[in-house]
Amino acid sequence: MRTLCSATLVGEFIVIGLAGLVAMRTSDVPSGTLWAVSGTAMVLSLLLCGMVGRPGGVRLGWVLQAGLVASGFVIPAMFLLGTAFAALWWASVHYGRLVDQLKAARAASGSGAGAPVR
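Throughout this document, residue positions are counted from 1 along each chain, in the order its sequence is written. Confidence filtering applies because this is a predicted model: local features only for residues at pLDDT of at least 70, side-chain atom pairs given and counted only at 80 or more, and all residues used for totals across whole chains, interfaces and linings. Heavy atoms from the whole structure form the basis of all side-chain values; hydrogens and water molecules are not counted.

**Digging into the overall build of the protein chain**
Alright, step 1. Here a strand is any run of E in DSSP of at least two residues, a helix any run of H or I of at least four, and the numbering for each starts at the N terminus. Broken down by element type, the protein chain carries four helices and zero strands.
Alright, step 2. In sequence order, the protein chain lays out its α and β elements as α-α-α-α.
Alright, step 3. For the protein chain, the spread of C-alpha atoms along the three principal axes comes to 60 × 25 × 20 Å.
Alright, step 4. Evaluated residue by residue, the protein chain yields a buried proportion of 32% over its 118 residues.
Alright, step 5. Taking contacts inside the protein chain between residues at least 6 apart in sequence as the whole, the part at least 24 apart equals 62%.
Alright, step 6. In these tables, accessible area is a Shrake-Rupley quantity obtained with a 1.4 Å probe, and a residue counts as shielded only by the protein chains included in the view. Just so you have it, the protein chain exposes about 7300 Å², and 71% of that area is on carbon and sulfur atoms. The buried label goes to any residue with under 20% of its type's maximum accessible area, the exposed label to any with over 50%, and the partly exposed label to all in between, with areas taken from a 1.4 Å probe on protein chains only. Throughout, a contact is declared for two residues whenever any of their heavy atoms are within 4.5 Å.

**So, the nonpolar core**
Alright, step 1. Residues grouped as a nonpolar core are buried Ala, Val, Leu, Ile, Met, Phe, Trp, Tyr and Cys residues, joined through side-chain atoms within 4.5 Å. One finds Leu 9 and Trp 89 to be the most contacted residues of the largest nonpolar core, which totals 21 residues.
Alright, step 2. Elements with a minimum of two residues in this core: helix H1 (2-26), helix H2 (31-51), helix H3 (57-70) and helix H4 (77-109).
Alright, step 3. Leaving out residues up to four positions away in the same chain, Trp 89 has contacts with Cys 5, Thr 8, Leu 9, Val 52, Val 58, Gly 61, Trp 62 and Gln 65.

Following this line, the structure appears as C-alpha cells:
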C-alpha cells in the first residue's frame, strides 16, 4: 500500500505546486497567503509519504484529498483534478491493502517471494 499511496502523493505534490503558480496569476488571493497554503499542502503531501503505513496516515491523506478538491473554489480546474486524485487515493489504499494481504497470505503459506504470481 505504501508504494501506491506514496506515488499518488508525489503526483499531488507536483500538481499542488503547479496549481499555486496558476493561482498566482488568476486569483485575487495574496501571494503570501497562496504560497503559505500551497507550500503547507506540498510539505504535507511529502510527509505523508512516510506516514502512510502508520496509524492515522491514511486518514490524513483523506484530509489532503478534501483540501485538494476544496481548492477548486480558488482554481475551478482543481475540482476535476482534486476529484481525480481522490479517486487515485482511494484506488491506492484499496488495491494496496489487497496486495499487502496477498503478500501476507503467500508468506504464510511458505511459497516465498520467488514464486510466480497467478
